[in-house]
Amino acid sequence: MKSHTSMSLGWLPQARRCISPHFNARPNNEVSLLVIHNISLPAGRFGLPYIDALFQGCLETDAASAADDSFVDLAGLQVSAHFLIRRDGEIVQYVSCDDRAWHAGVSEFEGRTNCNDFAIGIELEGTDDIAYTDAQYLNLAQLTLEIMAQYPMINPVRIVGHCDIAPGRKTDPGNSFDWLRYRQALGLGNGLT
């Protein structure tokens, strides 16, 4: 039986909804892994509308009209996450946690491939080498506790970085992410319990 949570049909009511078309049904309705990512568009720049546009499939990637030259490389990309936590702590939700968002790509956890099938993806607005904000850690911890209450198969050992499920291909959330601080905010002490 699920613990009390404010989530309804996989949606967090206090999050700003920015619905993505880049999702589909989970093959087994299983939600048992939480993956922490980072993203910034353009790289290293924050507070801009381009992450929403990317996840909604409407980022302008044409070389003549793209806001940044790097966006050309994103043409045709269909990607999403369940959540984004912006630098100021705002939580944005793109896909219901009951559905499969397209965030992990080629991935493996405990011998199982295609982690999107059973994972929730949280993006932090940031980079591998710039410290995350106090507001991000606070809201990440609160969101994680909410997710763990709603999806009890997610436990401390089933919370990982993108780098952990796609080693050699992905490095996020990077060296700038303070795992100890995050786990202590969850009440997990050193993270080994």
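Before reading further, recall that the structure is shown in the block above.
The paragraphs below set out a description of the structure included in this document.

What counts, and where the lines are drawn
Numbering of residues starts from 1 in every chain and runs along the sequence as written. Predicted model: local features are reported for residues with pLDDT of at least 70 only, side-chain atom pairs are reported and counted for 80 or more only, and whole-chain, interface and lining totals are derived from all residues. Values shown for side chains rest on all heavy atoms present in the structure; no hydrogens or waters enter the calculation. A run of H or I in DSSP counts as a helix once it spans at least four residues, and a run of E counts as a strand once it spans at least two, with each numbered from the N terminus. The reference for a compact globule is 2.2 Å times residues^0.38; the radius of gyration itself is calculated from the C-alpha atoms. What makes two residues a contact is simply this: any of their non-hydrogen atoms within 4.5 Å. Only protein chains enter the area calculation, which uses a 1.4 Å probe; residues under 20% of their type maximum are buried, those over 50% are exposed, and those in between are partly exposed. His residues and chain termini do not enter the charge count, which takes Lys and Arg as positive and Asp and Glu as negative. Salt bridge, as applied in this entry: a Lys or Arg side-chain nitrogen positioned within 4 Å of an Asp or Glu carboxyl oxygen. Here a polar contact is recorded for every N or O atom pair within 3.5 Å, except that within protein the pair must consist of a potential hydrogen donor and a potential acceptor, and residues adjacent in sequence are included only if both atoms are side-chain atoms. A pair of strands counts as paired when DSSP detects no fewer than two bridges linking them. Fitting a line to C-alpha atoms yields each axis, with helices limited to the stretch in contact; the angle taken between N-to-C directions then spans 0 to 180 degrees. Pairs were defined over the aromatic rings of Phe, Tyr and Trp, the Trp ring being its six-membered one, requiring ring centres within 6.5 Å. Orientation was assigned from the angle between planes: stacked under 30 degrees, edge-to-face over 60, tilted for the rest.

### Here we look at the overall build of the protein
A tally of helices and strands in the protein yields four helices and 10 strands. Counting from the amino terminus, the protein carries its helices and strands in the arrangement β-β-β-α-β-β-β-β-β-β-α-β-α-α. In terms of overall size, the protein behaves like a compact globule, its C-alpha atoms giving a radius of gyration of 16 Å where 193 residues would be expected to give roughly 16 Å. Dimensions of the protein, computed from C-alpha atoms along their principal axes, come out at roughly 50 × 35 × 35 Å. Put simply, of all contacts in the protein between residues at least 6 apart along the chain, 71% involve residues at least 24 apart.

### Quick look at the side chain of R183
With respect to the helices, strands and loops of the structure, R183 is situated in helix 4 (residues 179–185). For the buried R183, which has no salt bridge, the nearest side chain bearing the opposite charge is D164, at an N-O separation of 6.8 Å. At a separation of 3.2 Å, a polar atom in the side chain of R183 contacts the main-chain carbonyl oxygen of I159.

### With respect to the sheet that holds strand 1 (residues 16–17)
One open sheet holds the six strands; their spatial order is 1-5-4-9-3-10, and the pairing between them is mixed. Strands with a single pairing partner mark the edges of an open sheet, and in this sheet they are strand 1 and strand 10 (159–161). For strand 4 (residues 83–85) and strand 9 (residues 119–125), the ladder comprises three bridges, and the chain directions are parallel. Residue pairing in the sheet places L84 in a bridge with E123 of strand 9. In this fold helix 2 (residues 134–150) packs onto strand 3 (33–39), strand 4, strand 5 (91–93), strand 9 and strand 10, with an angle of close to 170° to the strand it touches most, strand 9.

### Examining the packing of aromatic side chains
Under the definition given, this model contains eight aromatic pairs. A centroid spacing of 4.8 Å and a plane angle of 85° characterise the contact between F55 and Y94, whose relative ring orientation is edge-to-face. Of this pair, F55 sits in helix 1 (residues 50–56) while Y94 sits in the loop between strand 5 and strand 6 (99–101); the two residues are 39 residues apart in sequence, bridging distant segments of the chain. Among the residues examined, F55 registers a relative accessible area of 1% and is labelled buried.

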